[in-house]
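# Commentary on secondary and tertiary structure
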Amino acid sequence: MKKDKGALPWPKLIQGTLLRRYKRFIADVELEDGTVVSAHCPNSGRMTGCSDPGSPVWISPASNPKRKLKYTLEMIKMPDSLVGINTGVPNKLVAKAIEDQVIPELSGYGGLRMEVPYGANSRVDIMLSEEGRRDCLVEVKNCTLVEDRRAMFPDAVTARGLKHLEELEKALSQNKRSVMFFLIQRMDADVFAPADHIDPAYGAALRRVCANGVEALAWDVDMDLNSLRLNRPLPCDLS
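Predicted, not measured: the structure shown is a model, and the values here were computed from it.

Thresholds, definitions, all that
Residues numbered from 1 in each chain as written. Predicted model: local features only at pLDDT ≥ 70, side-chain atom pairs only at ≥ 80, totals over all residues. Heavy atoms only, no water. Core = buried A, V, L, I, M, F, W, Y, C linked by side-chain atoms within 4.5 Å. Buried < 20%, exposed > 50% of the residue type's maximum accessible area, 1.4 Å probe, protein only. Helix = DSSP H or I, 4+ residues; strand = E, 2+ residues; numbered from the N terminus. Domains from an automatic or database assignment. Contact = heavy atoms within 4.5 Å. UniProt positions renumbered as here; feature names shortened; annotations may be inferred. Expected span 1.5 Å × (residues − 1).

## What to know about the nonpolar core
In a soluble, globular protein the nonpolar side chains are often hidden away together inside. Formed by 29 residues in total, the largest nonpolar core has its most connected members in I103, L106, I126, L128, V138, F181 and L230. Counting only elements with at least two residues in this core, the list comes to α1 (89–99), β9 (122–129), β10 (136–143), β13 (177–184), β15 (215–223) and β16 (227–233). Element by element, the count of residues in this core is highest for α1, at six residues. Inspection of this core shows a minimum of three residues originating in each of domain 1 (7–83) and domain 2 (89–234). Excluding anything up to four places from it in sequence, V138 contacts L106, V124, D125, I126, L128, V179 and F181. Counting residues in each nonpolar core, the second largest holds 25 residues, with V116, L137, M180 and A218 among its members.

## Brief notes about the UniProt feature "domain: Sugar fermentation stimulation protein C-terminal" (unreviewed entry) in the chain
Taken from the UniProt record, the annotation "domain: Sugar fermentation stimulation protein C-terminal" (unreviewed entry) applies to residues 89–225. Across residues 89–225, the secondary structure splits into 27% helix and 38% strand, with the terminal C-alpha atoms separated by 14 Å.

## Here we look at helix α2 (residues 159–172)
Think of an α-helix as turning once every 3.6 residues; residues three or four places apart then point the same way. Between the first and last C-alpha of α2 there are 21 Å, a value that for 14 residues agrees with the 20 Å anticipated at 1.5 Å per step. Packed against the buried residues of α2 are β8 (111–118), β9, β10, β13 and α3 (200–211).

Here's what the structure looks like:
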């Protein structure tokens, strides 16, 4: 695979040190010149194991000058890996990888739409289409929780994630193809599994829908301070 195939460049990054994350969506960061700024933290999960105060982080300037928080938290450096915490990145990265034919299971589709209304007041992250093939619904989840080289999702109870699984399962009866794609936005995992100890209902639902025909894919990334790209597929342990 070419180095730049499927690559998504980062916006301009500014290095700092994480002081604290609070109110879920705010992070205080000390810049290298000693200035302290508050950045938007675009991640609603607990960020277990990737929000330790004192860790190096990278933030990007907001493109909207009227935005209250002038920066966005993008990445944090943990002992074994950089970790991308921006949940807005995975959909863009997976779409780019599909367009560049990086994911064999999702290749061969000429049409790609994002944030398509579907189901009961819901949207599917990516809808793929091709004449003569079933439409393919792809739901993408950002995975940042890794313990003992085991990537897990979710890192907090997720009623919304449960709803997405149910929508994917319903789509099967409408002659659609359904794919649950877990993007592990770090580089220190060897396998993916549902986080049953955090949200057993999600784990049970994932196993049920996969047994009924929903496909589960998990990929990690190769990332540096310039860009990130899909790296390799990881086995999904649904035992």
